[in-house]
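Chain by chain, the residues:
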Amino acid sequence: MTSLAFLAPVQVKTSDVIHDINSVREALVFLNQWPRARRGPVYSCAVRSCNAAIAGQMTTDQARQAFVGFARIAGVLAKSDFAPMAGADQKLSVPGRSL
């Protein structure tokens, strides 16, 4: 059986409380508790992705990405899920050109 644990938790914030979502199953529990009136296409995609990962038809990371996308669009992602690239604050230099 493959592990459904995320390599890094997804932090979501509801009612000023931050929750760590650590696995596909925890993401699915969170999604199932989401208000019906606020469910839409991105919600449905996240649910399908979690179910596909449980069935072995999608990777855990793909399901995590779908859940992060849902959380970002729903406005509940507690912090950015993307670390800045090393050196991203430095200017890019191309020989013969200045950027």
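Residues numbered from 1 in each chain as written. Predicted model: local features only at pLDDT ≥ 70, side-chain atom pairs only at ≥ 80, totals over all residues. Heavy atoms only, no water.

### With respect to the environment of Val12
Thinking step 1. Locating Val12 in the fold gives a position in strand β1 (residues 5–14).
Thinking step 2. Residues Val12 and Val68, 56 residues apart in the sequence, show an inter-C-alpha distance of 9.0 Å.
Thinking step 3. The residues contacting Val12, other than those within four sequence positions of it, are Val17, Ile18, His19, Ile21, Phe30, Phe67, Ala71, Val76 and Ala78. (Helix = DSSP H or I, 4+ residues; strand = E, 2+ residues; numbered from the N terminus. Contact = heavy atoms within 4.5 Å.)

### Here we look at the environment of Leu28
Thinking step 1. Relative to the elements of secondary structure, Leu28 occurs in helix α1 (residues 24–32).
Thinking step 2. For Leu28, a relative accessible area of 12% corresponds to the buried category.
Thinking step 3. Residues Leu28 and Ala46 lie 18 residues apart in sequence; the distance between their C-alpha atoms is 8.3 Å.
Thinking step 4. With residues near it in sequence (within four places) discarded, Leu28 still touches Val47, Cys50, Asn51 and Ile54. (Buried < 20%, exposed > 50% of the residue type's maximum accessible area, 1.4 Å probe, protein only.)

### Some details on the pairing of strand β2 (residues 17–23)
Thinking step 1. Relative to β2, β1 is paired through 6 bridges, and the arrangement is antiparallel. Within the sheet, the bridge partner assigned to Thr14 lies in β2 and is Val17.
Thinking step 2. Connecting β1 to the next strand, β2, in antiparallel fashion are 2 residues, including Ser15 with a positive phi near 50 degrees. (Pairing = 2+ DSSP bridges.)

### Points about helix α3 (residues 60–74)
Thinking step 1. Across its 15 residues, α3 extends 21 Å between first and last C-alpha, which sits within 8% of the 21 Å expected from 1.5 Å per residue.
Thinking step 2. Among the residues of α3, those classed as buried are Thr60, Ala63, Arg64, Ala66, Phe67, Val68, Gly69, Phe70, Ala71 and Ala74.
Thinking step 3. Considering only its buried residues, α3 is in contact with β1, β2, α1 and α2 (41–54). (Expected span 1.5 Å × (residues − 1).)

### Focus on the environment of Lys79
Thinking step 1. Looking at the secondary structure, you find Lys79 in the loop between α3 and β3 (93–94).
Thinking step 2. Here Lys79 falls in the exposed class, since its relative accessible area comes to 53%.
Thinking step 3. C-alpha separation for the pair Lys79 and Lys13, spaced 66 residues apart in sequence, amounts to 8.9 Å.

### Notes on the packing of aromatic side chains
Thinking step 1. The full count for this structure, using the stated rule, is 5 aromatic pairs.
Thinking step 2. Positioned over the ring face of Phe6 is Arg64, at 6.0 Å from the centre of the ring. (Phe/Tyr/Trp six-rings, centres within 6.5 Å; stacked < 30°, edge-to-face > 60°. Lys NZ or Arg CZ within 6 Å of the ring centre and 35° of its normal.)

### Some points on the packing of α1 against α3
Thinking step 1. For the pair α1 and α3, interaxial distance at closest approach is 10 Å and the crossing angle is 30 degrees. Judged by the inter-axis angle, α1 sits roughly parallel to α3. When you trace α1 past α3, the crossing you get is left-handed. Residues Val24, Ala27, Phe30 and Leu31 of α1 form the contact with α3, whose participating residues are Thr60, Ala63, Phe67 and Phe70.
Thinking step 2. Partitioned by chemical class, the residues of the contact of α1 with α3 number 7 nonpolar, 1 polar and no charged. (Axes fitted to C-alpha atoms, helices over the stretch in contact; angles between N-to-C directions. Parallel < 35°, antiparallel > 145°, perpendicular 65-115°, else oblique. Left-handed = near helix turned anticlockwise from the far one by under 90°. Nonpolar A, V, L, I, M, F, W, Y, C, P; charged D, E, K, R; others polar.)

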